[in-house]
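Structural overview for review
Residues per chain, in single letters:
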Amino acid sequence: MQATDPVLSDDVPADAERQEAPTPPPPAAPAVLSPLQRELLRKMELEAAMVASPHDQALRASYFDLLLQFAVTRTGLSHALLPELGHPLYFRCGSTDAANMAQIFRNNAYGFPIRATPLRILDLGAYAGYAAVYLARRFPHAQVACVEPCDSNFRMLTLNTT
């Protein structure tokens, strides 16, 4: 039996025009953003600005201020995108993770001068891995070994360093 509906038939002549279904319009943007949506939008704007101006310390400080505010007012897992890393760093909202990350990546706590370039770095009490990530980037030829006895911190360390 031959189908007569060209939509159902594969035997449509090559010169026959097929009607495409009209594409629906994109969903309208909400007129009013929720506080969470505003914070996330601001976070993304700052991340994009840091990519464009990676050495702007005032911009970096604003970004970490927002992360610290976000970490205090929210719960769950979130992430920071720093242009020099190329991968996210995760932190737990409702914990000291964001403050620890800010100390290392905003305040440059491990940026002090070192006379010799280390070949091996042992991070005892590695917490969530922020110092290990910073030091591995600062000393790319060094082997970095981390020890973290707390299970939840070790999970964060693994997430941030693999």
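To start, this report covers the structure provided alongside it. Computed from a predicted structure; not experimentally measured. (Residues numbered from 1 in each chain as written. Predicted model: local features only at pLDDT ≥ 70, side-chain atom pairs only at ≥ 80, totals over all residues. Heavy atoms only, no water.)

1. Here we look at helix H1 (residues 35–52)
To keep things clear, this is the line we draw: Under the DSSP-based scheme used, a helix requires at least four consecutive residues in state H or I and a strand at least two consecutive residues in state E, with every element numbered from the N terminus. Here the expected length of a helix is defined as 1.5 Å per residue gap, with one fewer gap than residues. Burial here depends on accessible area, computed with a 1.4 Å probe over protein chains only, as a share of the maximum for the residue type. Under 20% is buried, over 50% is exposed, and the range in between is partly exposed. Along the arc lie the directions from the helix axis toward the C-beta atoms. Note on contacts: a residue pair qualifies if any of its non-hydrogen atoms lie within 4.5 Å across the two residues.
Taking 1.5 Å as the rise per residue, H1 with 18 residues should run 26 Å; its terminal C-alpha atoms sit 26 Å apart, in good agreement. Where H1 is concerned, the buried positions are Glu39, Lys43, Leu46, Glu47 and Met50. What you see down the axis of H1 is that its buried residues fit within an arc of 105°, all on one side. Exposed and oriented more than 90 degrees from the buried face of H1 are Met44, Val51 and Ala52. Where the residues of H1 are buried, they touch helix H2 (57–73) and strand S1 (76–81).

2. Side note on the pairing of strand S2 (residues 88–93)
Applicable threshold: Paired strands, as defined in this entry, are two strands with at least two bridges between them according to DSSP.
Relative to S2, S1 is paired through six bridges, and the arrangement is antiparallel. Looking at S2, one finds that alanine 80 is bridged to leucine 89. Between S1 and the antiparallel strand that follows it, S2, lie six residues; glycine 86 among them carries a positive phi value of about 80°.

3. Side note on the pattern of salt bridges
What counts here: One speaks of a salt bridge when a side-chain nitrogen belonging to Lys or Arg is within 4 Å of a carboxyl oxygen belonging to Asp or Glu.
Taken as a whole and assessed by the stated rule, the structure comprises six salt bridges. Put simply, arginine 106 and aspartate 65 hold a salt bridge, and the shortest N to O gap is 2.9 Å. Taken as a pair, arginine 106 in the loop between helix H3 (97–105) and strand S3 (120–124) and aspartate 65 in helix H2 lie far apart in primary sequence, 41 residues in all. Residue aspartate 65 is classed as partly exposed on the basis of its relative accessible area, which comes to 43%. One salt bridge connects aspartate 97 with arginine 92, and the closest N-O pair in it is separated by 2.7 Å. Classification of aspartate 97 as buried rests on a relative accessible area of 0%.

4. A word on a nonpolar patch on the surface
Going by this rule: For patch detection, residues must exceed 30% relative accessible area and be free of salt bridges, and they are connected within 9 Å for like charges or within 5 Å for nonpolar side chains (Val, Leu, Ile, Met, Phe, Trp, Tyr). Every accessible area reported is derived by Shrake-Rupley at a probe size of 1.4 Å, with residue values counting cover from the shown protein chains alone.
Taken together, the side chains of Tyr110, Phe112 and Ile114 define a hydrophobic patch exposed on the protein surface, amounting to about 260 Å² of accessible area. Along the chain, the position of phenylalanine 112 falls in the loop between H3 and S3. For phenylalanine 112, a relative accessible area of 42% translates into the label partly exposed.

5. Observations regarding the side chain of asparagine 160
Rules: N or O atoms within 3.5 Å of each other form a polar contact, as long as, within protein, one can give a hydrogen and the other can take it, and as long as residues adjacent in sequence are counted only when both atoms are side-chain atoms.
As for its placement among the helices and strands, asparagine 160 is situated in helix H5 (residues 151–161). Look at asparagine 160 and you get buried, because its relative accessible area is 3%. Among the polar contacts listed, one links the side chain of asparagine 160 to the backbone nitrogen of tyrosine 90, at a separation of 2.6 Å. Of the polar contacts made by the side chain of asparagine 160, one reaches the backbone oxygen of alanine 128; its length is 2.9 Å. Those residues in contact with asparagine 160 that sit more than four places away from it in its chain are His87, Pro88, Leu89, Tyr90, Ala128, Tyr130 and Val133.

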